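Residues per chain, in single letters:
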Amino acid sequence: MDGWEHTPAFVLGPALDVLAGNSLASALHRGFERFDNLARMVFVDPAGRAFYQEWERAAHSCVAELRAAYGHDPTAERINAVVGELCDASAEFAALWRLHEVKGKSQEGKHLRHPEVGDLHIRFAAFTVNGAPHQQLVVYQAEPASPTAAAFEALRAMATPPVPARTSPALDSGTGDQ
């Protein structure tokens, strides 16, 4: 992923944990307390509502994606831990969880607002990782020569080293308890 200098890219586990990310993905999410779990970032982190300009859409998407992962493995400890934490921390998450909506990530547009480079209009694509069931590679892209492309370049100049791949036994076991 570090070979992709001009586009943020990161790998998500089934509980929407950020398992690895390139330096541009880290710079893009710098305003958050932690760049570790997308659902927690949307619902619990104070930066979430300002970052996701279409917050309700992002919120529905996160919950529907967690529901899809839960449907594949309703006994997965990590998914259940994230859902429990978010139900306790966010009444909005709990209400959306009760709707039982299911939808995986695919390819769409997003409107984000970064605290240092401003508005970003991106397209993203999510790809399954064949060697790691239920993980996905997410890649954000900007239109060439657009204000978002210029903002990505500014972020690249501010970037710190990438998020290393997580190496915990639960993540590496292949048991689905991610």
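Remember, predicted model here, so these are calculated numbers, not experimental data. (Residues numbered from 1 in each chain as written. Predicted model: local features only at pLDDT ≥ 70, side-chain atom pairs only at ≥ 80, totals over all residues. Heavy atoms only, no water.)

Colleague: Can you break down the pattern of salt bridges residue by residue, with the values?
Modeller: Tallied over the full model, the rule gives 10 salt bridges. The salt bridge partner of E153 is R156, with a shortest N-O separation of 2.9 Å. Of the two residues, E153 and R156 both sit in helix α7 (residues 147–158), 3 residues apart, roughly one turn of that helix. Relative accessible area serves as the criterion here: at 32%, E153 is assigned to the partly exposed category. Note on R156: relative accessible area 31%, which makes it partly exposed. (Salt bridge = Lys/Arg side-chain N within 4 Å of Asp/Glu carboxyl O. Helix = DSSP H or I, 4+ residues; strand = E, 2+ residues; numbered from the N terminus. Buried < 20%, exposed > 50% of the residue type's maximum accessible area, 1.4 Å probe, protein only.)

Colleague: How would you explain helix α5 (residues 77–89) if you had to name every residue and give the values?
Modeller: With 13 residues, α5 ought to run about 18 Å at 1.5 Å a step, and its terminal C-alpha atoms sit 18 Å apart, in line with that. What α5 keeps buried is the set I79, V82, V83 and L86. The arc enclosing the buried residues of α5, seen along the axis, measures out at 95 degrees, which places them on a common side. Exposed residues pointing more than 90 degrees away from the buried face of α5 are listed as E77 and D88. Those residues of α5 that are buried are in contact with α2 (38–43), α4 (55–72) and α6 (91–97). (Expected span 1.5 Å × (residues − 1). Arc of directions from axis to C-beta. Contact = heavy atoms within 4.5 Å.)

Colleague: Explain the layout of surface pockets residue by residue, including any values.
Modeller: Taken as a whole, the largest pocket holds about 250 Å³ of empty space. As for the largest pocket, its lining consists of 17 residues, and the residues nearest its centre are E65, H72, T128, H134 and Q136. Looking at the lining of the largest pocket, the elements that each hand over two or more residues are α4 and β4 (118–128). Ranked by the residues each element gives to the lining of the largest pocket, the list is headed by α4, at 4 residues. Residues belonging to the lining of the largest pocket are distributed by class as follows: 8 nonpolar, 7 polar and 2 charged. (1 Å grid on protein atoms, 1.4 Å probe; cavity = no way out; pocket = protein on both sides within 12 Å on 5 of 7 lines; lining within 4 Å. Points joined across faces, edges and corners; volume = space filled by probe spheres on them. Nonpolar A, V, L, I, M, F, W, Y, C, P; charged D, E, K, R; others polar.)

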